[in-house]
Amino acid sequence: MALITKKIKGTEDVLPKQSYRWQFVENIMREEARSYGFKEIRTPVFEHTELFARGVGQTTDVVQKEMYTFDTKGGESVTLRPEGTAGAARAVLEHALENEGLPIKASYFVSCYRYEKPQAGRLREFHQFGIEEYGTQSPAADAEIICLAQSVLDRLGLSQVHLEINSIGCPACRAKYNQALREYFGQYKDKLCNTCQTRLEKNPMRLLDCKSPEDHKLAEGAPKITDYLCEECENHFAEVRKYLDAAGVEYIVNPSIVRGLDYYTKTVFEFITDSIGAQGTVCGGGRYDGLIEELGGKHMPSLGFAMGLERVLMVMDAQGIEIPDTDKTALYIATMGDAAKVKAFTLLRNVRQCGLIAETDVVGRGLRAQMKYADKIGAQYSMVLGDNEIETNTAKVKNMETGAQTELALDESFADKFAVLQLADDQSFEI
Ligand code: ATP
Ligand code: MG
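Chemist: Looking at this model, I keep getting lost on the site of ligand 1. Mind explaining?
Modeler: R114, E116, R122, L123 and R259 are the nearest of the 16 residues found near ligand 1. Between ligand 1 and the protein, one listed contact pairs a nitrogen atom with a side-chain N or O atom of E116 at 2.6 Å. Separating an oxygen atom of ligand 1 from a side-chain N or O atom of K211 is a distance of 3.3 Å. Computed on the free molecule, ligand 1 has an accessible area of 580 Å², of which 92% lies beneath the protein chains in the complex. Taken together, the elements giving at least two residues each to the shell around ligand 1 come down to β6 (125-134), β10 (281-287) and β11 (302-308). Per-element tally for the shell around ligand 1: the top contributor is β10, with 4 residues. Taken together, the residues of the shell around ligand 1 break down into 5 nonpolar, 5 polar and 6 charged.

Structure representation (structure tokens):
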């Protein structure tokens, strides 16, 4: 019985009093993406399992261990999306978006599902803000989306987040590199975790991203991709850095960043912080030039990033970054008697049309209980409306913090006058 009032392990509720924090973060992300010309894409929460197997990659942890996959009643295998890129790429292909001009630029907010070990910053249902760009191989595009991620983090006020970048080359330079990795890790084959033993043949670069401590240690001595880049990839990487330098974005080149998903090529990057413990990557992304072809489309070089919303909020918490609570009720009208109740409806409509939050009693409480409630929800102003007020067509609005009262006429000017009063008193309002 207790089961039905317990959320599933690794999931979280965002409660009404907390949601303004999410909305604040999402609004900044949305505005920033918009200012770079990215428009929102919304795709289904589940897709054919095959899409993720192909689009994320058979040798990844996500596909091998973490997917929520099930058969529908119709006998189809479907999977809850573990990330946002594969669905967006599928939609680009299905709707032939390339006909609308290249590059295709999309942003998204998605919930993602991965069967991981729940811990701080690692959930089974989590949320990402992401950017997708299809149809450009120019390093300017790589630099631009990195700038976008940086401006989001800056606007949110995050500090102590650093950017690490790397190039993991193209299939041509990767072939030589993979050979070098096979030779290196081959010497320690017996020491590797089971998953990595099988990865050694299929995709040795995955070993560099293994979370097992022993493998992680071995990875430190492994050959570095930066020594194996072909000329084109090396130039591409140099150009990306040139643009970042020009934009004043600071970074560290870290040759051991490979990213968790199979489809990455050339540029990869992560924004990392020490503020929230081991799960410190708040944003990861890069280029995936082979993805669209992998899904059956024509060659269409692409790139993007995903930012974890829970982790961003954790960093803001840890760093004491204040988020303005825009959900505070500006006016609570307490009513006595039927005529007052009716009048309140007219006044409230006008106040709400001014963009303010306004409430009244819809429970049927007495005056004292109504005032208690106004206090509990932290209303900025309250106003008592009874027969007396209706008769004189005036009422006093009371600033709940200072106790100061202001008399206002209950006519068409009421809402505007109240809005001016509220604005002048609002401490967050500074010119
Ligand atoms: P990690 O190395 O932490 O497992 P990842 O490489 O699996 O990350 P991506 O698939 O690139 O992560 O996802 C992008 C971002 O989504 C991460 O940088 C992180 O902020 C967030 N994220 C990934 N997995 C989780 C999770 N299980 N819970 C919460 N946030 C997550
Ligand atoms: Mg992961």
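Chemist: What should I look at first to understand the pattern of salt bridges in this one?
Modeler: It is possible for side chains bearing opposite charge to pair when their charged atoms get close. Per the counting criterion, the structure on display carries 20 salt bridges. Note that E294 and R54 form a salt bridge whose closest N and O atoms lie 3.7 Å from each other. On the criterion of sequence distance, the pair formed by E294 in helix α10 (residues 291-294) and R54 in helix α2 (residues 49-56) is long-range, its members being 240 residues apart. Overall, E294 belongs to the partly exposed group, its relative accessible area being 41%. Residue classification places R54 among the partly exposed positions, given a relative accessible area of 37%. Of the charged contacts, one joins K242 and E239 as a salt bridge, the two residues approaching to 3.2 Å between their closest N and O atoms. One end of the pair, K242, and the other, E239, are both in helix α9 (residues 231-246), 3 residues apart, so they sit about a helical turn from each other. When its relative accessible area of 46% is taken as the criterion, K242 is described as partly exposed. Three or more residues joined by partner-sharing salt bridges are found here, namely R30, E40 and R42.

What counts and what doesn't
Residues numbered from 1 in each chain as written. Chains lettered and ligands numbered in written order. Predicted model: local features only at pLDDT ≥ 70, side-chain atom pairs only at ≥ 80, totals over all residues. Heavy atoms only, no water. Near = heavy atom within 4 Å. Polar contact = N/O pair within 3.5 Å; in protein donor to acceptor, adjacent residues only side chain to side chain. Areas by Shrake-Rupley, 256 points an atom, 1.4 Å probe, with all protein chains shown as cover. Helix = DSSP H or I, 4+ residues; strand = E, 2+ residues; numbered from the N terminus. Nonpolar A, V, L, I, M, F, W, Y, C, P; charged D, E, K, R; others polar. Salt bridge = Lys/Arg side-chain N within 4 Å of Asp/Glu carboxyl O. Buried < 20%, exposed > 50% of the residue type's maximum accessible area, 1.4 Å probe, protein only.

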